[in-house]
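Structural description and commentary
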Amino acid sequence: MTMLTPRTPTKLAPPGKARRERKAAELEARTRIVGERLAGSSARPTVQVLQEVDASRNGLTHTEAALRLERHGTNVIAHERAPRWWFQLAKAYWNPFIGVLVFLAAVMYWQDPADPGVIILSVMVGISGLLRFWQEFRSGRAADALKKLVTTTCAVQRRAGSGSGPTTFEVPMDQVVPGDVVKLAAGDLIPADLRLITSKDLMVSQATLSGESLPVAKADTRTEDLGQFETTDPVEADNLCLMGTSVTSGTATGVVVATGADTYFGSMAGSLVGERPETNFDTGVRKVSFLLIRFMLVMVPIVFMINGFTKGDWEAAFLLGIAVAVGLTPEMLPMVVSANLARGAIAMSKRKVVVKRLNAIQNLGAMDVLCTDKTGTLTEDRIVLDRYLDVHGNDDNEVLEYGYLNSHFQTGLKNLMDQAVIDRVGEAEEVVVDARFSMVDEIPFDFARRRMSVVLNRNGIVGDLGRSEHVMITKGAVEEVLDLCTHMTDRGQRVELTEQLRWHVTRIAEHNNRRGLRVLAVATRTMDTPRDTYTVADEDRLTLVGFLAFLDPPKADAAVALQGLADKGIAVKVVTGDNELVAARVCADVGIDVGHVVSGSSELDALDDPALRALAARTTVFAKVNPVQKARIVRALRADGHTVGFLGDGINDAAALRDADVGISVDTAVDIAKESADIILLEKDLTVLEQGVIQGRTTFGNTIKYIKMTASSNFGNVFSVLVASAFIPFQPMLAIMLLVQNLVYDIAQLATPWDRMDEEYLRKPRNWDAKGIGRFMLCIGPISSIFDIAMFVIMWNVFAANSEASQALFQSGWFIEGLLSQTLIVHMIRTRKIPFIQSRASWPVMVTTVLAVLTGLFLPFSPLAESLGFVALPASYFPWLIGVLLAYCTLTQLLKTVYIRKFGTWL
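Residues numbered from 1 in each chain as written. Predicted model: local features only at pLDDT ≥ 70, side-chain atom pairs only at ≥ 80, totals over all residues. Heavy atoms only, no water.

**Some thoughts on the overall build of the chain**
The criterion, for reference: Each helix is a run of H or I in the DSSP string that is no shorter than four residues. Each strand is a run of E no shorter than two, and both are numbered from the N terminus. For the exposure calls, accessible area comes from a 1.4 Å probe over protein chains only, and a residue counts as buried if that area is under 20% of its type's maximum, exposed if over 50%, partly exposed in between. Two residues qualify as a contact provided that any one of their heavy atoms is within 4.5 Å of a heavy atom in the partner residue. To measure how exposed things are, a 1.4 Å probe is used in the Shrake-Rupley method; for residues, cover is taken only from the protein chains shown.
Across its full length, the chain carries 31 helices and 24 strands. For the chain, the residues scored as buried account for 56% of the 907 residues in total. Considering only contacts in the chain between residues 6 or more positions apart, those separated by 24 or more positions represent 75%. Accessible surface computed for the chain: about 37,900 Å², of which carbon and sulfur atoms make up 59%.

This is the structure in structure tokens:
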């Protein structure tokens with residue numbers, strides 16, 4: 001059993017948290033109230049239910065339907081709509097760093113409207129926001145395109161007037177109203193919450209609500225239904241059909257008792273609109289942003305005051321302070337983050353993944369817990385015949401043959417298990433079967449008997465009286481078939497089914513049930529007097545042949561995919577609406593250490609939040625959980641400091657998808673689930689998800705590279721300015737030089753999103769660590785200051801740049817050394833290994849850094865030199881420069897090793 005280590009929970013309450021928790025509690029209460037109301041409808045007789053909705057068995061009149069549509073509104077549920085493009089555009093610019101840059105640009109414009117720095121900052125802000133807006137706008141449209149743009153209708157029984165008879169009309173689902181009488185058949189979607197009036201052989205797929213993969217049998221109702229015992233869960237009621245489910249077989253009519261937001265489906269969907277909870281990405285960006293802003297607010301006034309008091313030129317000191325503020329602000333961060341996320345989204349789209357919200361890419365890389373349903377993710381989402389057993393539990397082909405004959409010859413709609421038996425035998429067998437047997441009669445399946453029988457003629461075989469031999473083959477629920485058996489087949493012999501043997505075969509069936517298999521019994525009877533027709537009364541004195549055991553098989557690659565996620569540091573927790581036995585069997589088959597399976601129906605509701613946090617940390621498999629419980633489990637894991645992903649495709653998953661750090665759905669999911677998700681997989685495959693995790697960590701790693709490169713090098717530069725300002729009688733660097741140096745360095749880092757990450761970095765989940773970034777900045781930043789000061793000494797003593805008359809030489813020498821050392825730090829910081837030898841940057845990074853170095857070397861000799869305040873440097877300067885840079889790289893690599901040993905991390 002996987003035991004999660006609790007992480008330090010977030011201490012700062014995100015904005016709106018209390019409001020969201022209050023809303024979640026209100027919606028949970030609403031879902032409970034709706035469930036209780038539906039349970040009441042299930043428990044009351046049909047006549048009383050019809051009276052409560054003021055309807056009749058013949059349906060509403062057209063006039064009544066129109067009035068009710070006006071009173072109750074259309075039959076639609078709450079869902080999240082994509083914001084207007086202008087709102088998305090404005091939101092793309094809602095970023096603390098962009099705010100700082102806009103403020104600095106405004107100050108620079110106020111100081112000098114012709115300052116080129118205003119244009120530079122404006123371009124940075126514009127490109128950053130537009131990149132983010134375009135990617136999210138395009139992804140949103142791609143997600144919308146996944147929806148089926150068709151109008152769905154249903155068969156509704158209505159009357160022209162109060163005295164006329166009923167007529168069946170095809171009505172758009174959104175026009176259905178309370179009191180409508182709806183007719184259902186195989187393949188129909190349930191348009192609203194219905195109380196069944198009549199039904200026959202009705203099987204309903206409730207996977208979108210309950211997560212159970214097999215269809216559920218509803219009660220056969222042919223006469224007046226007096227209601228059933230009241231249940232706390234309307235999904236379990238066998239005389240209710242709920243919106244969002246679908247009919248797999250059978251027919252029925254039902255009266256609509258609730259539509260739209262008043263349905264069970266709608267009550268859960270109400271939790272999916274409004275403000276989303278703050279994710280791991282949002283929290284991390286907020287903390288890192290304000291950490292860097294705090295550093296800026298401390299350092300800028302210090303530089304301004306020291307330069308003002310020591311030099312006496314307050315205007316120049318002010319400009320230098322602005323330049324320092326720009327230098328300390330990672331102004332390219334919004335652009336680099338957007339480019340990183342956009343590149344990640346493009347790369348993931350090639351792997352059949354649609355990214356709806358860019359921030360989700362980083363959350364995917366930070367994810368250390370994945371909660372997932374089993375159906376379709378761990379399993380193939382189809383029913384197969386797993387075993388065919390004799391009365392002792394051994395494989396027996398005779399059982400398979402009789403089961404196949406029963407499924408093959410029945411004339412009604414074959415259910416999933418019939419099809420699984422036929423598929424197991426294969427098409428080639430049909431030729432042999434048709435030659436050996438022919439159809440005589442059948443006794444169809446019904447939900448009271450829970451079995452069906454076919455009577456076949458053994459072609460070419462004549463009985464004792466010279467007549468054809470007829471054999472009845474019955475297949476159905478174990479208990480019902482066993483009650484009809486007087487004998488059993490034991491190793492080819494027909495023996496009496498004594499009480500001891502009956503106990504023995506019951507244990508065989510129960511053993512397979514405990515293994516998570518759905519078990520049917522198969523029995524036969526050779527008819528004494530063959531005839532043309534047979535009845536239920538003939539289903540007697542049967543001989544038990546054996547059992548058929550079915551399951552939703554695990555995917556062939558599920559175990560490999562799960563191991564791949566485990567190798568990446570991701571704990572997988574299965575959260576399913578299916579029962580404990582099935583969940584445990586499937587999880588064990590794919591290699592999950594199951595441990596104790598927690599049942600939502602009996603264990604979760606009694607726990608408070610702290611107890612649930614402890615339980616969620618030590619539990620791997622949750623079964624029989626409802627939508628509210630799924631969301632609680634996600635919130636409990638997040639409260640323990642984990643970054644949680646949730647993979648689901650049903651309405652019962654939508655609330656959990658929204659509460660997770662990253663919600664993951666599939667293109668075949670219900671629309672509400674896709675709207676709630678951050679990422680949509682075009683294939684429900686954990687292998688695809690693993691690739692997404694790697695892409696997420698690469699994206700995050702490259703973002704952290706930029707932040708640490710910029711923060712440490714800029715802090716080192718500002719620290720050097722601070723030291724130089726205190727001891728040098730002139731400005732160590734002009735404001736325009738500092739801005740140009742910062743711009744060239746930023747351009748050198750623009751290729752960071754296209755860099756590669758070391759394999760070791762991708763093995764573990766990665767999270768924002770504002771404290772770690774601050775520590776990195778304070779430990780690594782001053783290294784460059786050591787060599788800046790060394791260059792000060794060289795320029796002051798060796799090149800006699802020690803007066804105001806020679807300050808341009810001093811400033812030019814420090815400009816080149818500062819820019820080249822900053823550029824080299826790109827390669828030093830991007831890997832914990834030895835750069836260029838053990839780890840090489842991608843070619844875009846190599847190109848941009850080389851261009852930055854050449855630009856720095858060229859500027860003092862260029863036509864722009866005089867306007868920027870540079871002078872040409874003597875040739876003797878460059879050997880000193882090389883020596884300083886080599887020493888800088890050597891010391892940085894040594895201190896990198898010390899830092900990693902002490903703190904256990906680098907990026």
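**Here's the deal with the packing of aromatic side chains**
What counts is decided by this rule: Here is the rule: rings of Phe, Tyr and Trp (six-membered ring for Trp) pair when centre to centre is within 6.5 Å. Planes less than 30 degrees apart are stacked, more than 60 are edge-to-face, and the remainder are tilted.
Per the stated rule, a full pass over the model turns up 15 aromatic pairs. For the pair Phe-730 and Trp-796, a centre-to-centre distance of 6.4 Å together with 15° between the ring planes defines the contact as stacked. Placement of Phe-730 in the loop between helix H25 (686-727) and helix H26 (735-749) and of Trp-796 in helix H27 (residues 770-798) is noted, with a sequence separation of 66 residues between them. Accessibility expressed as a relative area gives 3% for Phe-730, which makes it buried. The exposure class of Trp-796 is partly exposed, given its relative accessible area of 27%. Judged by centre distance (4.6 Å) and plane angle (55°), the rings of Phe-815 and Phe-870 are tilted. Of the two residues, Phe-815 sits in helix H28 (residues 807-829) while Phe-870 sits in the loop between helix H30 (865-868) and helix H31 (877-903), which places them 55 residues apart along the sequence. Neither residue differs from the other here; Phe-815 and Phe-870 are each classed as buried.

**Notes on the confidence of the model for the chain**
For any part of a model where pLDDT is low, the fine detail of the predicted coordinates should not be relied upon. The criterion, for reference: Every residue is assigned a pLDDT by the predictor, reflecting its confidence on a scale from 0 to 100.
Residues at a pLDDT of 70 or more form 86% of the chain, whose mean pLDDT is 82. Long-range and interchain partners of residues 8-16, a stretch whose pLDDT sits below 50, account for 14 contacts in this model, where long-range means more than four residues apart. Every residue in residues 146-150 is under pLDDT 50, and counting partners more than four places away or in other chains gives seven contacts.

**Some points on the sheet that holds strand S20 (residues 598-599)**
Which entries qualify depends on this criterion: A pair of strands is considered paired only if DSSP assigns at least 2 bridges between the two. Only the stretch in contact is used when fitting a helix axis, every axis being a line fitted to C-alpha atoms; angles between N-to-C directions are given from 0 to 180 degrees.
Taken together, eight strands build an open sheet; the order of strands is S9-S24-S23-S22-S10-S19-S21-S20 and the sheet is mixed. In this open sheet, the two strands that pair with only one neighbour each are strand S9 (353-355) and S20. When strand S10 (residues 369-372) meets strand S19 (residues 571-575), the two strands line up parallel, connected through four bridges. Looking at S19, one finds that Cys-371 is bridged to Lys-573. On top of the sheet, helix H12 (residues 359-366) reaches S9, strand S23 (662-666) and strand S24 (679-681); it is set at about 100° to S23, its chief contact. Running at roughly 155° to S10, H25 makes contact with S9, S10, strand S22 (644-647), S23 and S24 of the sheet.

**Re helix H18 (residues 558-567)**
Operational definition: The arc in question is traced by the directions running from the helix axis to the C-beta atoms.
By the burial criterion, the buried members of H18 are Ala-558, Ala-561, Leu-562, Gly-564 and Leu-565. Down the axis of H18, the smallest arc covering the buried residues is 155°, so these residues share one side. Buried residues along H18 sit in contact with S10, S19 and H25. Gly-569 sits one or two positions beyond H18 and adopts a positive phi of about 80°.

**Considering the environment of Asn-714**
Residue placement: Asn-714 occurs in helix H25. Take Asn-714: its relative accessible area is 3%, and that puts it in the buried class. Remark: the alpha-carbon pair of Asn-714 and Asn-742, spanning 28 residues in sequence, is separated by 8.3 Å.

**Structural notes on helix H13 (residues 397-409)**
Rules: To estimate the expected span of a helix, subtract one from its residue number and multiply by 1.5 Å. Pairs of N or O atoms are called polar contacts if they sit within 3.5 Å, as long as, within protein, a hydrogen donor faces a hydrogen acceptor (for residues adjacent in sequence, only side-chain-to-side-chain pairs).
Spanning 13 residues, H13 covers 18 Å between terminal C-alpha atoms, matching the ideal 18 Å at 1.5 Å per step. Within H13, ten of the 13 residues are buried, leaving the element largely enclosed by the surrounding structure. N-cap assignment for H13: the residue whose side-chain oxygen lies 2.9 Å from the backbone N of Glu-398 is Asp-396.

**Thoughts on the pairing of strand S3 (residues 166-172)**
Pairing geometry for strand S2 (residues 153-159) and S3, over seven bridges, is antiparallel. Within S3, the position partnered with Gln-157 by the bridge is Thr-168. Between S2 and S3, which pair antiparallel and follow one another directly, the connecting turn spans six residues.

**Some thoughts on a nonpolar patch on the surface**
The cut-off we apply is this: Any residue with relative accessible area above 30% and no salt bridge may belong to a patch, with like charges joined within 9 Å and the nonpolar Val, Leu, Ile, Met, Phe, Trp and Tyr side chains within 5 Å. In what follows, salt bridge is the name for a side-chain nitrogen of Lys or Arg lying within 4 Å of a carboxyl oxygen of Asp or Glu.
A surface patch of nonpolar side chains, amounting to about 540 Å² of accessible area, comprises Trp-843, Val-847, Val-850, Leu-851 and Leu-854. Inspection of the secondary structure puts Leu-854 in helix H29 (residues 843-858).

**As for the side chain of Thr-61**
Among the structural elements, Thr-61 can be located in strand S1 (residues 60-61). The exposure class assigned to Thr-61 is buried, which follows from its relative accessible area of 7%. Discounting residues that sit within four places of it in the chain, Thr-61 has contacts with Arg-159, Gly-161 and Ser-162.

**Details of the side chain of Thr-892**
Relative to the helices and strands, Thr-892 is located in helix H31. In contact with Thr-892, not counting residues within four places along its chain, are Ile-783, Ile-825 and Met-828.

**Examining the environment of Thr-905**
In this fold, Thr-905 is placed in the segment after H31. Each C-alpha atom of the pair Thr-905 and Arg-832 lies 8.6 Å from the other, and the pair is 73 residues apart in sequence. Looking at Thr-905, its side chain comes within polar contact range of the main-chain oxygen of Leu-907, at 3.2 Å.

**Structural notes on the packing of helix H21 (residues 609-618) against helix H22 (residues 627-639)**
Note the cut-off: Orientation categories follow fixed angle ranges, with anything under 35 degrees roughly parallel, anything over 145 roughly antiparallel, 65 to 115 roughly perpendicular, and all other angles oblique. Any residue outside Ala, Val, Leu, Ile, Met, Phe, Trp, Tyr, Cys, Pro, Asp, Glu, Lys and Arg is labelled polar, Gly included; the first ten of those are nonpolar and the last four are charged.
At a minimum axis separation of 9 Å, H21 and H22 run at an interaxial angle of 85°. Judged by the inter-axis angle, H21 sits roughly perpendicular to H22. Every residue of H22 that contacts H21 at Asp-609, Leu-612, Arg-613 and Ala-616 is listed here: Arg-632, Ile-633, Ala-636, Leu-637 and Ala-639. Residues belonging to the contact of H21 with H22 are distributed by class as follows: six nonpolar, no polar and three charged.

**Re the pairing of strand S8 (residues 246-258)**
By the criterion of burial, S8 is predominantly enclosed, with ten of the 13 residues buried. In terms of strand pairing, strand S4 (residues 181-184) meets S8 through four bridges, oriented antiparallel. In the sheet register, Val-182 faces S8, and the bridge partner there is Gly-254. Where strand S5 (residues 193-205) and S8 come together, ten bridges link them in antiparallel fashion. By the bridge assignment for S8, Met-203 is matched with Ser-249.

**Brief notes about unusual backbone geometry**
One non-glycine residue, Arg-541, lies in positive phi territory at about 50°. Among the secondary structure elements, Arg-541 is positioned in the loop between strand S17 (518-526) and strand S18 (542-551). With a phi angle near 70°, Phe-836 is a residue other than glycine that sits in the positive phi range. Among the structural elements, Phe-836 can be located in the loop between H28 and H29. We classify Phe-836 as partly exposed; its relative accessible area is 40%.

**Some remarks on the pattern of salt bridges**
Where charged atoms from two side chains of opposite charge come close, those side chains can pair. A full pass over the atoms with the stated rule returns 24 salt bridges. One salt bridge connects Glu-401 with Arg-436, and the closest N-O pair in it is separated by 2.3 Å. Here Glu-401 is found in helix H13, whereas its partner Arg-436 is found in helix H15 (residues 428-436), with 35 residues between them in sequence. With its nearest N and O atoms 3.1 Å apart, the salt bridge here joins Arg-613 to Asp-640. Highlighted residues: Arg-613 in helix H21 and Asp-640 in the loop between H22 and S22, separated in sequence by 27 residues. The class of Arg-613 is partly exposed, set by a relative accessible area of 29%. Among the charged side chains, a network of salt bridges with common partners joins Asp-386, Arg-585 and Asp-589.

**Brief notes about the packing of H25 against H27**
The cut-off we apply is this: In this scheme the handedness of a crossing depends on how the near helix is turned from the far one: anticlockwise by less than a right angle means left-handed, clockwise means right-handed.
One can describe the packing of H25 onto H27 by two numbers: an axis separation of 7 Å at closest approach and a directional angle of 45°. With respect to H27, the axis of H25 lies oblique. As H25 packs across H27, the resulting crossing turns out to be right-handed. Of H27, the residues touching H25 (which contributes Ile-704, Ile-707, Lys-708, Ala-711, Ser-712, Phe-715, Gly-716, Asn-717, Phe-719, Ser-720, Val-723 and Ala-724) are Ile-773, Phe-776, Met-777, Leu-778, Ile-780, Gly-781, Pro-782, Ser-784, Ser-785, Asp-788, Ile-789 and Phe-792. Considered class by class, the residues forming the contact of H25 with H27 number 15 nonpolar, seven polar and two charged.

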